[in-house]
Amino acid sequence: MFEPRRIYNWDGDNMDLIKELLEGSRLALARSITAVENEYDNAIDIMKSIYPRTGKARILGITGAPGAGKSTLTDKVVKHYLEQGKRIGIVAVDPTSPFSGGAILGDRIRMNDLTLNENVFIRSMGTRGSLGGLSKKTADVVKLMDAFGMDLVIIETVGVGQSEVDIVKNADTTLVVLVPGLGDDIQAIKAGILEIGDVFAINKADRDGCDKLNVEIEMMLDLDSRELDWRPPIKRTIASKDEGVDELVEALDEHFEYLEDSGELAARRAERTHDELVAMINEQIMRYVHEHVVESDAFKQDVAAVNNRTNDPYSVVNTVLEKSLKNELSQLRLSQEEKTKLTKLISDFVESKVKLKRELILLNDKISSNEKISTIDEKILVNVSQVEIPLERKET
């Protein structure tokens, strides 16, 4: 199997890559992104080292349906910000084929004029199977560009449909690009992607149906029951002719000013940090499950038993959960008494879930759905925090 080339031996004293990155080396930035995207051995050390230098760049997300003109509009928006003296990073995400695993990475072709500009850095990425319109490493690449000293980082998503809305978790301002003629008013109302826009751009506004689309978006905004201080403006552009881009950039700047003045910027970034930590924890858990559970012979036997109907999936999941927790427990530096106490808590927790499922079947006709949820919450929660134990791993 092909083993990707590792860059920079990471021995604790060799900080050349980080040093060059923070000093403005574009080559060091490119190599750092490659290391992080491909999960090289030094990727985590790179992110740890640059993290204190992040949080300064403004992050703009640009999303929309395939063929809406996102790349062309991005090119024009960037040129307008360059006139303001901004340094700009662009993360252009393209879809990865589920069959070949390849990606064309063609968005940058429409930005050829920017490739040689020393104040612009463009990086194309494949989604690599991630849903939501982004690559799972997009946030890390944004941080690297932020630490590099970019004033503005633009994330251009893949062509999306109705529910690929991960961009809202990664950007300060989300620009949704639409074009006339892609659907009726019902399509506009049900499209989940329209609910995340901070600014809307109707691109290719010289097409028939532009006025109708404008009315449909306004109608959709009127249906929003939330009381918001910011109503997303709708701007018309013809990116290929650089028409309407000035007004669009002005609207984007106004939104960022609103975020800063209202305190919404800090709130959004705090929520982003929370979501990022949860995603990282979930990723580590999934890796543990895949390496220690899914690949085991015991799990293959469990799959066969469930498939043959000699066991049920719910019991298997509970058993796997209990075994995994006990396995992790064995790696902790605990006294025998503490291990016994924790083992009993784990067993009680798993058993209580099985018993409750049986109870709920019997109570199904007598209680409402809300009562079911509260019953589960009250009966299966175990206050492990009362057990004072030092959670330290054994030294290997």
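Reference entry: report on the structure contained in this document. These numbers were taken from a predicted model, which means no experiment stands behind them. Every chain is numbered on its own, with residues counted from 1 as its sequence reads. This being a predicted model, a pLDDT of at least 70 is required before a residue's local features are given, and a value of 80 or more before pairs of side-chain atoms are given or counted; all residues contribute to the totals for chains, interfaces and linings. No hydrogens and no water enter the side-chain calculation; it runs on all heavy atoms of the structure.

## A word on the overall build of the chain
Runs of H or I in DSSP of at least four residues are treated as helices and runs of E of at least two as strands, each being numbered from the N terminus. Summing up its helical and strand segments, the chain has 13 helices and seven strands in all. Working note: accessible area of the chain is about 23,000 Å², and carbon and sulfur atoms make up 52% of it. Residue exposure ignores everything except the shown protein chains as possible cover, and the areas themselves are Shrake-Rupley values with a 1.4 Å probe.

## Here's the deal with helix α2 (residues 26-37)
Its 12 residues place the ends of α2 16 Å apart at the C-alpha level, agreeing with the 16 Å of an ideal helix rising 1.5 Å per residue. Of the residues making up α2, those classed as buried are Ala 28, Leu 29, Ser 32, Ile 33, Ala 35, Val 36 and Glu 37. Two residues or fewer after α2 comes Glu 39, characterised by a positive phi angle close to 55°. The span one expects for a helix is its residue count, reduced by one, times 1.5 Å. Remark: exposure states derive from per-residue accessible area (1.4 Å probe, protein chains only) relative to the maximum for the residue type, with buried under 20%, exposed over 50%, and partly exposed in between.

## Considerations on the pattern of salt bridges
A side-chain nitrogen of Lys or Arg and a carboxyl oxygen of Asp or Glu constitute a salt bridge if their distance falls within 4 Å. Summed over the entire model, instances satisfying the criterion amount to 18 salt bridges. Asp 253 serves as the salt-bridge partner of Arg 58, at 2.8 Å between the closest nitrogen and oxygen. On the criterion of sequence distance, the pair formed by Arg 58 in strand β1 (residues 58-64) and Asp 253 in helix α8 (residues 245-262) is long-range, its members being 195 residues apart. Of the two residues examined, Arg 58 and Asp 253, each falls in the buried class. Across the pair Asp 198 and Arg 268 runs a salt bridge, and its minimum N-O distance is 3.1 Å. Separated by 70 residues along the polypeptide, Asp 198 in the loop between α6 (185-190) and β6 (199-202) and Arg 268 in helix α9 (residues 264-294) bring together distant segments of the chain. For Arg 268, a relative accessible area of 23% translates into the label partly exposed.

## Considering the packing of α2 against helix α3 (residues 43-50)
For every element, the axis is a line fit to its C-alpha atoms; helices are fit only across the contacting stretch, and the angle between N-to-C directions ranges from 0 to 180 degrees. Interhelical geometry of α2 versus α3 gives an angle of 125° and a closest axis separation of 8 Å. By the angle between their axes, α2 is oblique relative to α3. You can see that α2 and α3 cross each other, and the crossing is left-handed. Counted together, Ser 32, Ala 35 and Val 36 of α2 and Ala 43, Ile 46 and Met 47 of α3 form the full contact between these two elements. Reported orientations rely on four angle classes, namely roughly parallel under 35 degrees, roughly antiparallel over 145, roughly perpendicular from 65 to 115, and oblique for the rest. Crossings are assigned a handedness: left-handed for a near helix turned anticlockwise from the far helix by less than a right angle, right-handed for a clockwise turn. In this analysis, two residues are considered to be in contact whenever any of their non-hydrogen atoms come within 4.5 Å of each other.

## Comments concerning the environment of Val 91
Structurally, Val 91 is set in strand β2 (residues 88-94). Distance in space between the C-alpha atoms of Val 91 and Val 142 is 7.5 Å, their sequence separation being 51 residues. In this structure, Val 91 is in contact with Arg 123, Met 125, Thr 138, Val 141, Val 142, Met 145, Val 153, Ile 154, Ile 155 and Glu 156, ignoring residues within four places of it in sequence.

## Structural notes on a negative patch on the surface
Put simply, a patch holds well-exposed residues, over 30% relative accessible area, that have no salt bridge, with like charges counted together within 9 Å and Val, Leu, Ile, Met, Phe, Trp or Tyr side chains within 5 Å. Two residue types count as positive, namely Lys and Arg, and two as negative, namely Asp and Glu; His and chain ends fall outside the count. Note on charges: their place is set at NZ of Lys, CZ of Arg, CG of Asp or CD of Glu. On the surface, a cluster of negative charge is made up of Glu 83, Asp 206, Asp 242, Glu 243, Asp 246, Glu 247, Glu 250, Glu 254, Glu 257, Glu 260 and Asp 261. Take Asp 242: it is sitting in the loop between β7 (234-236) and α8. Taking relative accessible area as the criterion, Asp 242 reaches 37% and is therefore assigned partly exposed.

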